[in-house]
Every structure is written in structure tokens, then in C-alpha cells.
Protein chains: 4
Amino acid sequence: MASDTIENPKVPRTERGRKTQRKLLDAAAIEFGERGFHEASISSITRRAGVALGSFYTYFDSKDAIFRALVLDMSDAVKSAARDAIADETDPLAIERAALGGFLRFASEHKEIYRIIDEAEFVDPDSYRAHYETIGERIAQRLRDGAQAGVMRPDLGEVEAWALMGMNVFLGLRYAIWNRSGDPTPEDVAKAANTLLAKGIEA
Amino acid sequence: MASDTIENPKVPRTERGRKTQRKLLDAAAIEFGERGFHEASISSITRRAGVALGSFYTYFDSKDAIFRALVLDMSDAVKSAARDAIADETDPLAIERAALGGFLRFASEHKEIYRIIDEAEFVDPDSYRAHYETIGERIAQRLRDGAQAGVMRPDLGEVEAWALMGMNVFLGLRYAIWNRSGDPTPEDVAKAANTLLAKGIEA
Amino acid sequence: MASDTIENPKVPRTERGRKTQRKLLDAAAIEFGERGFHEASISSITRRAGVALGSFYTYFDSKDAIFRALVLDMSDAVKSAARDAIADETDPLAIERAALGGFLRFASEHKEIYRIIDEAEFVDPDSYRAHYETIGERIAQRLRDGAQAGVMRPDLGEVEAWALMGMNVFLGLRYAIWNRSGDPTPEDVAKAANTLLAKGIEA
Amino acid sequence: MASDTIENPKVPRTERGRKTQRKLLDAAAIEFGERGFHEASISSITRRAGVALGSFYTYFDSKDAIFRALVLDMSDAVKSAARDAIADETDPLAIERAALGGFLRFASEHKEIYRIIDEAEFVDPDSYRAHYETIGERIAQRLRDGAQAGVMRPDLGEVEAWALMGMNVFLGLRYAIWNRSGDPTPEDVAKAANTLLAKGIEA
DNA sequence: CATGAATGAGAGTTCATTCAT
DNA sequence: TATGAATGAACTCTCATTCAT
């Protein structure tokens, strides 16, 4: 995963402990992704991780705590994926296109991310909101940069940023999570979305 | 609510029964909206509805069943709201603008809708998917109509429809559910989004 | 038991419910008496009562709640036993003797009472303290009455009341709970204690 | 604490070990006093003592074992306090007065003693009973000595001894543990109790 | 001797669902 | 049709004790 930032966990004092904690986090990603928060059970997580039930509580205070840790972990991972994808781009529109392409690829490989982030709406509303607000601000900043560079309209703001985020999220849902045979490739999707973004839909 | 379509419920034979069922459905909308599916309890729903616990099973087979009935009910309500909002419009772009405006107003008044629809992702994935696919197709049809009318580009398809749906959903999340003082009005949001949609973001 | 006063229970709405609640309370008296609060288990209480585990929570909010209800129940029972025992007496010293005699007989038949009241010190300190303070005040009042009648010294107060209560409690512990063959009868104990109380121990 | 008598502990071989064991015992006195046996946890005891969890089992076989060791330790301490308090007295009544005064002072400084001794009733009934029977016999012996000296009645026995013990214990509970501002001093309490003991309550 | 991670039995509690009235 | 008591499986969490280092 992209980050070592873990919220409020009990910090292991030995290398062995560190490994066990990581095993639990990875097992939880799978369990929560497959079954959702409420259907998931601690005992199933520890079974997947290959540790005893009680060991869970050596590393996390509660089911909520490991979920929160996981949301942060995934939220960071998404942002990293986008950051990596746009690293080589300089043109503002190309940046948006690369960001979406990177996100689509990332989501294809981590389909559990939608369920986990979405479920945060119920389990940990603060993380959920923080996740989208952070991303929204990041996009808004890129739009301002694009305006600065004279490539984008100067009146773009938060509304446009959230609209763009929504586009990306739903294209991910449709083409990375619910993809069917015959669907356009991620690149094609990103290209079409980029055109829409750049020129709009008017004839 | 907008529709009487209820999936697979036990059909009441008397007028009194019909009223009890409606009371349960309304109580469930509040309960699921406030607490989410798993935190919600049947006994709390019956308490809100003012009927005995056992009576619940006279009208619904299970907790899942009433949730599914509710998702359909809400899904229909959203679509109706959009349909009503665009009834008087003829210009394709004005239609989209009116649809978003209508949706923002509807969501402001039914904030529970996001939680309920979103939770369907976990409780009843089929309804969840069906909800968005239906809306996506409806939007795609409008884009084709716009192209037919010569107002929109002729190459618009499913990708653009999902992008547009994502825009609308996220603008609703940000400006109808998470709205803050100082935020633009629904009309302003709809206008800005419409401009983005029409012309894109290029300078 | 002596009283229907039950603290903060869920009030049954039917006769059947009332009976089940009483069965649980009686079973709890035995279970807590035999095993003590912490070793006692809800499942054992319901097994003794012949009801399902879940039914417990129809009538009590928690293990603590039924324990508190029981302490009140027993506390009332002790006080009733004393009240009944002294009903026919008029002489202040005879009253004290009858009170102790009545208490010893009651404790012999309800040996669980010591364990339950004593354990309240840990589980519900407020009830524990209230139990002894109430009894202490009642004794102090009787001493004042005795002084009024000219039979007892006029300077008796709280100190003497607590001393007398301690005497009674420990004589109950030794001769009602830990009684052995060859021990004096309750009447003999009450008589000896009464002499001590009246005349003291000086030669 | 007053004694080194520890029941069935693992005997440390080194000075360092002896110190660790003492730290655990002192920490346990605080922990059991504050939280009671069942709420107390080994990990909390070791935390208070500043040693690792596993080290506990180097010095005690179980939670029960350290509790038993502690009860003996405290029981000895109570008896020592009484013994010290009466060391200089020769008059039988003055001895009883000094014993109570000493006990009240000791209990004021070791309020945890009541909880620990009382909880022994549940955790280790044998120690509990032995504690009071030993003290009872000691008091009975003193009463016989008083009779021998011609100062007390010749017919005093076990009943009077237990009555006296009960007086002392309850006066300790009321005036050493539950003391309030405005209460009589330990000396005043001891004096009043002594008068009661000597002359009784008759006018 | 000291450490702290690992273990797993066992507890209290919840609540969807059933059923007798 | 309405009621509310009864059921029991399933879950999260605790912690005394063991063990590898």
C-alpha cells in the first residue's frame, strides 16, 4: 500500500509484531472488500491472516479502528496512484487525462477500493468526507494552475472541481469495476472524457 | 413518495392494512436514512411507525425486503423529480440544466436518499447497479436526442452519459447534502455545470 | 420476596411476562448466591429459569441491572423480616432482642443474602452504602425512642447504632451462615447479645 | 507491609528478584483496592509495577495466588496494628479501647483493606473465614483474660467476642472508610464504643 | 531473569425472526 | 390483522496464561 500512515494503532515493539499487524491489515482489505464492513467479522480477518483471534486486539482497538486505518491506507493509495500517473505531464489537460487513466488502472487492480471508501460513509463519515474534500481541493488547484497557464478558463472553481471528480469516480465505477467485454479501454475512456472536459458537448 | 411500486411485498387486503404498510415504509425511510441499514432495527422501525413488532412481518418478509422496496421507491422518486423538472424544456442543454437543478432541489429535501442508495451497494447490489444503469441509459438517450436535434456532438455515447451522471451526483453530494453557508445556490451550481458541459473548460 | 420494588426494569405488559421476570429474579438469587456476581453467568441464570438466553434482555438491561434489582429486593426483605419480628414488642430492649432473633432466623433461611449484599460493595457501591445507612438510621431511631421511654441512656447516637448493627451482622455471619453443630440457638445468641447490649461486659 | 509471610509464592533467588516481587505485591494492593478482584487485571498490575507482563508468572502462579498472598499480608498487617496499639495497656477495658483506636487509625490509612478482605469472601473463602475466626479467637482470649482479672463478667465467650468484632468492623466502615466532615474523631468513637461495651445501654 | 507477542476460551449483548394469544 | 413475548445464533471484545526470544 501507499502509505505507512495508520491511525491510532497500537505500535508494535518488535519486527515480528510489525509483520503481524501488516498481515491483519491486508486480510482486512480483502475481507471488507468482499463482504462489506458489517458482514465482515474479526474472526474471519484473523483466519485469513493466519493469527489467533485474540491477536487482533494486540494491534487494533476495535473493528472500527482497523477499518479507519484501512480507509486512510486506501485513500493515500488512490492519491499516490494519481500523483504517479501525472508525474511526467506538463500540459494541464494532459494532466487530467493522465490522472483519470491512472485512476482507472488503479481501480481495475483494486476493485475493493470502491466498497471500502463507500462504506466509510456509514462507518466513519469523517474519513469519507475528508477523502473527497481533499481530492476536490487538489483538483481545484490544478484547474487554477491551468487557468494561470492560460490553457483553461479563468473562472473555474470548486463547482467544476467536484463535477470533474464526479466524472472520474463514475467512469471508474462503470469501466473499472463494472467493466464488460466490449467496453472501451481505459485509454479510450480517458480520451473521451478529456475531450468532453476540454470542449464540452456542444456541436 | 413518488410511486406505489413495491417489490414483492405482501399485498394488504384491507384499507387499514394498506395504511399500516405505508406507515412502515415511511418509518423505514427515516430509520435507514438516520442509522444506515445495519444499525437500523426492525423494532425501531415499528416503534416509529407506531405498530407492534410482530406486525412488521405481516407486510414484509424481511429486513432486506423492506429495504429493497424502499430503494425502488426512492429510485423512482429521483427519476420522477428529474422528469418533472424537465417537463417544460425543449432545448437539449436547457433540459440537462433543469434536470440537475431539479435533482439538487430534490436531494436537499430528501437528504436520506444518498445514504439509502449508497447503502444498496452493500445490501442489494443488483438494485444499486440497476439504479445507475437506468439513469445512465436515460441520459444517453437524451444526448442522442440532442445530437439528432443538431445541438450536440454526434459522437456522444455511454461514456459521456456516465460522466454527466457522475457530475450531477457529486454536485448533489457537495451542494445538496454537504452544503455550507456561503455556497452557491442550486441554480448557480446548475448554471456553472451546464456551461462546463456545453463548452468544456478550455480557455 | 418482600417487595415488588424493582429498579429500572422493563415492565412486562402481560401476565406471562410478569411470571418470566419473576422466574429470572429467583434464578438470579440462587446463581449470584452460589457463585457470586462475576462467576455467575446470564446463560446459567436463564438455564435455571428455564427460559431462552435472549429472553433475559426482554426483562433486564444487563447483568448489573438484575443484580441491582436483586439487592433492592433482598434489602427490603431483610428490613421486612426485622419489622415483622418486632411487631408485637413494646419494651425497647425486647425490641432489639426480637430484631436480632428475627434477623438470625431470616439469614438462616436465606444464606445467599450475605454474599449478595456483600458483593454489592463491588458491583453497586451505592446500594451497598444505602443499605447499611438506612438500617443504621432505623436503629438510631429506636435508640432515641428507648431513651425517650427512659429505658436507655439519653446520649445514644449514631456511633452506638452502628456498633449495634455490626454486632448483629457479625452474629448473623457466625451463627446463621457459618453455624456448626453444638452452636447456641438463635434465641440463646439473641439473649446473650441482649445482655451484652443492656449491661455491657463489666463485672 | 507488616509481614513477609507469603503463601506459596515462587521464592526469588536473587535480591533483584525479591524487589520485583515486592513491587508486584504493592501494585496489586493498589489495583485490587481500586478495582476489586475481577476488574483488576494482571497487565494493569505489571504496568503499575513497571515490569513486563510475562514477569508476573515468574513470581506468582496465578491471579488467585497473588490475591491470596495479599490477603494474608493485609490480615497480618491488621493484627499487627492492633497488637502494637495495645502494647502498653494493661487494663482489660483500656486494651479494647486501644485496639479499636488503633484499628480505626490503620483503616483510615489503608482504606483498600476493606475491599480486599471483603472480596476474599468470594475469591478465597477459606482465607476470609480464617481471618475473622483468628481475630474472633484472639478477642475471646482477651475477654477470658479480663474475666480472670476480675474486671469482666466470667460468662463471656465466643458470642460476645463476635459481637465485639462486629462493632469494631462496622465502626471502622462508618468512621474510617465512609467518614464525613463533622464526624467524631477516632478517639471519640473508641471512647463511646468502650462505654457501650463496658456498661451497655441501659439507663 | 526479563520481555512482550500469541493464544483461545468464554463472556455479555443484540436482534431478526417465529409463534402463541 | 395485531400483539409482544420467546428464541438462539452470531458477534465483538477481554484477559489469564503460555512461550519464543
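Residues numbered from 1 in each chain as written. Chains lettered and ligands numbered in written order. Predicted model: local features only at pLDDT ≥ 70, side-chain atom pairs only at ≥ 80, totals over all residues. Heavy atoms only, no water.

*Asks:* What's the story with the overall build of chain A in this structure? I'm lost.
*Replies:* Helix and strand counts for chain A stand at 9 helices and 0 strands. The order of helices and strands in chain A, counted from the N terminus, is α-α-α-α-α-α-α-α-α. In terms of principal-axis extent, the alpha carbons of chain A reach across some 60 × 35 × 30 Å. In chain A, which comprises 203 residues, the share counted as buried stands at 56%. For chain A, the proportion of contacts with a sequence separation of at least 24, taken over those separated by at least 6, is 68%. Carbon and sulfur atoms make up 49% of the accessible area of chain A, which amounts to about 9100 Å² in all. The distance from the centre of the 27 positive side-chain charges to the centre of the 33 negative ones in chain A is 6 Å. (Helix = DSSP H or I, 4+ residues; strand = E, 2+ residues; numbered from the N terminus. Buried < 20%, exposed > 50% of the residue type's maximum accessible area, 1.4 Å probe, protein only. Contact = heavy atoms within 4.5 Å. Areas by Shrake-Rupley, 256 points an atom, 1.4 Å probe, with all protein chains shown as cover. Lys, Arg positive; Asp, Glu negative; His and termini not counted. Charge placed at Lys NZ, Arg CZ, Asp CG, Glu CD.)

*Asks:* Before we go on, may I ask you to explain the packing of aromatic side chains in this structure?
*Replies:* Two aromatic rings are characterised by how far apart their centres lie and by the angle between their planes. All chains considered together, the criterion is met by 46 aromatic pairs over all chains. Taking the centre distance of 5.1 Å and the plane angle of 75° together, the rings of F37 of chain A and F67 of chain A count as edge-to-face. Taken together, the residues F37 of chain A in helix α1 (residues 15-39) and F67 of chain A in helix α4 (residues 63-85) connect sequence positions 30 residues apart. When sorted by exposure, F37 of chain A lands in the same class as F67 of chain A, which is buried. Seen in terms of ring centroids, F170 of chain C and F170 of chain D are 6.4 Å apart; in terms of plane orientation they differ by 90°. Their pairing is edge-to-face. Of this pair, F170 of chain C sits in helix α8 (residues 158-177) while F170 of chain D sits in helix α8 (residues 158-177), on two different chains. (Phe/Tyr/Trp six-rings, centres within 6.5 Å; stacked < 30°, edge-to-face > 60°.)

*Asks:* Sorry, what's going on with the relation of the copies chain B and chain A here?
*Replies:* One copy of the chain maps onto the other through a rotation about an axis followed by a shift along the same axis. With an RMSD of 0.1 Å, the operation that places chain B on chain A is a rotation of 180° combined with a shift of 0.0 Å along the axis. Put plainly, the chains are arranged around a two-fold axis. A share of 100% of the interface residues of chain B reappears at the interface of chain A, consistent with the copies meeting face to face through the same patch. (Least-squares fit on C-alpha atoms with pLDDT ≥ 70 in both.)

*Asks:* What exactly am I supposed to notice about the domain arrangement of chain A here?
*Replies:* Where the parts come together, the accessible area they lose is often given as the size of the interface. Residue and element names in this part refer to chain A. In terms of domains, chain A is made up of domain 1 (15-65) and domain 2 (71-199). On the domain 2 side, the residues contacting the 10 residues of domain 1 number 7 residues. Of the roughly 640 Å² buried at the junction of domain 1 and domain 2 (both faces included), carbon and sulfur atoms supply 57%. When the area that domain 1 buries against domain 2 is broken down by residue, the three leading residues are A29, G33 and F37, summing to 50%. For the pair domain 1 and domain 2, the interface holds 1 salt bridge. (Domains from an automatic or database assignment. Buried area = accessible area lost by both parts, 1.4 Å probe. Salt bridge = Lys/Arg side-chain N within 4 Å of Asp/Glu carboxyl O.)

*Asks:* Can you help me understand the protein's contact with DNA strand F in this one?
*Replies:* In the neighbourhood of DNA strand F, 32 residues make up the surrounding shell, with Y59 of chain B together with T20, A52, G54 and Y59 of chain C lying closest. Near the protein, meaning within 4 Å, the atoms of DNA strand F are sugar or phosphate in a fraction of 74%, with bases accounting for the rest. Take A40 of chain A: an N or O atom from its main chain is 3.4 Å from a phosphate oxygen of DNA strand F. Considering only residue class, the surface near DNA strand F consists of 15 nonpolar, 11 polar and 6 charged. (Near = heavy atom within 4 Å. Polar contact = N/O pair within 3.5 Å; in protein donor to acceptor, adjacent residues only side chain to side chain. Nonpolar A, V, L, I, M, F, W, Y, C, P; charged D, E, K, R; others polar.)

*Asks:* When you look at the interface of chain B and chain A in this model, what are you seeing that I'm missing?
*Replies:* The interface of chain B with chain A comprises 48 residues on the first partner and 49 residues on the second. Buried surface at the junction of chain B and chain A, summed over both partners, amounts to about 4800 Å²; 63% is from carbon and sulfur atoms. Of all residues in chain B, the largest losses of buried area upon contact with chain A belong to F170, W178 and I201 of chain B, amounting jointly to 17% of the total for that side. Linking chain B with chain A are 4 salt bridges, by the criterion used here.

*Asks:* Can you help me understand the UniProt feature "domain: HTH tetR-type" (unreviewed entry) in chain A in this one?
*Replies:* UniProt marks residues 18-78 of chain A with the feature "domain: HTH tetR-type" (unreviewed entry), using the numbering shown here. From the first C-alpha to the last, residues 18-78 of chain A spans 23 Å; its make-up is 82% helix and 0% strand. (UniProt positions renumbered as here; feature names shortened; annotations may be inferred.)

*Asks:* What should I look at first to understand the nonpolar core in this one?
*Replies:* Nonpolar side chains in soluble globular proteins tend to be buried together. F32 of chain A together with F32 of chain B are the most contacted members of the largest nonpolar core, which has 133 residues in total. A27 of chain C together with F106, M165 and V189 of chain D belong to the second-largest nonpolar core, a separate cluster that totals 132 residues. (Core = buried A, V, L, I, M, F, W, Y, C linked by side-chain atoms within 4.5 Å.)

*Asks:* For this particular structure, what's the right way to read the protein's contact with DNA strand E?
*Replies:* In the neighbourhood of DNA strand E, 33 residues make up the surrounding shell, with T20, A52, G54 and Y59 of chain A together with Y59 of chain D lying closest. Those atoms of DNA strand E that come within 4 Å of the protein belong to sugar or phosphate at a rate of 72%. At a separation of 3.1 Å, a base nitrogen of DNA strand E approaches a polar backbone atom of G54 of chain A. One of the side-chain nitrogen or oxygen atoms of Y59 of chain D is found 2.8 Å away from a phosphate oxygen of DNA strand E. Only α1 of chain A together with α1 (15-39) of chain D provide two or more residues apiece to the surface near DNA strand E. For the surface near DNA strand E, the per-class residue count stands at 15 nonpolar, 12 polar and 6 charged.

*Asks:* How should I be thinking about the pattern of salt bridges in this particular structure?
*Replies:* Pairs can form between side chains of opposite charge whenever their charged atoms are close. With the rule as written, the count across this model stands at 52 salt bridges over all chains. The partner of R174 of chain C in a salt bridge is E158 of chain D, and the shortest N-O contact between them spans 3.1 Å. Within this pair, whereas R174 of chain C is found in helix α8, its partner E158 of chain D is found in helix α8, the two belonging to separate chains. Between R35 of chain D and E31 of chain D there is a salt bridge; the shortest N-O distance is 2.9 Å. Here R35 of chain D pairs with E31 of chain D, and both are found in helix α1, just 4 residues apart, close to one helical turn. Judged by its relative accessible area of 37%, R35 of chain D is partly exposed.

*Asks:* When you look at the environment of A40 of chain B in this model, what are you seeing that I'm missing?
*Replies:* All names here are of chain B. Looking at where A40 falls in the secondary structure, it is placed in the loop between α1 (15-39) and α2 (42-49). Assessed through its relative accessible area of 4%, A40 is described here as buried. Put simply, A40 and A28 are 12 residues apart on the chain and 8.5 Å apart in space, counted from C-alpha to C-alpha. Those residues within four positions of A40 in sequence are excluded, and the remaining contacts are E31, F32, R35 and K63.

*Asks:* Quick question: what am I supposed to make of the packing of helix α4 (residues 63-86) of chain D against helix α6 (residues 112-123) of chain D here?
*Replies:* Between two packed helices, what matters for the description is the angle formed by their axes and the separation of those axes. Residue and element names in this part refer to chain D. The contact between α4 and α6 brings their axes to 10 Å, and the two run at 130°. Regarding the angle of α4 to α6, the classification is oblique. Like other packed secondary-structure pairs, α4 and α6 cross with a definite hand, here left-handed. Of α6, the residues touching α4 (which contributes D64, F67, L70, V71, M74 and V78) are E112, I113, I116, I117, E119, A120 and V123. Residues that form the contact of α4 with α6 fall into these classes: 10 nonpolar, no polar and 3 charged. (Axes fitted to C-alpha atoms, helices over the stretch in contact; angles between N-to-C directions. Parallel < 35°, antiparallel > 145°, perpendicular 65-115°, else oblique. Left-handed = near helix turned anticlockwise from the far one by under 90°.)

*Asks:* I tried to follow the side chain of E96 of chain C on my own but got confused; where do I start?
*Replies:* Residue and element names in this part refer to chain C. You can see E96 is positioned in helix α5 (residues 92-109). Here E96 falls in the buried class, since its relative accessible area comes to 4%. Every residue in contact with E96, bar those within four places of it in the chain, is listed here: R142, M152, L164, N194 and L197.

*Asks:* Honestly, the interface of chain D and chain C in this entry has me stumped. Any pointers?
*Replies:* The interface is formed by 48 residues belonging to chain D together with 48 residues belonging to chain C. In total, chain D and chain C occlude about 4800 Å² of area from one another, counting both sides; carbon and sulfur atoms represent 63% of this. When the area that chain D buries against chain C is broken down by residue, the three leading residues are F170, W178 and I201 of chain D, summing to 17%. Across the contact surface, chain D and chain C share 4 salt bridges. Across the chain D-chain C interface, the total number found is 13 residue pairs in polar contact (both at pLDDT 80 or more). Breaking the side of chain D that touches chain C down by element, the ones donating at least two residues are α1, α6, α7 (125-148), α8 and α9 (186-199) of chain D. No other element matches α8 of chain D, which puts 14 residues into the side of chain D that touches chain C. Split by residue class, the side of chain D that touches chain C holds 28 nonpolar, 6 polar and 14 charged.

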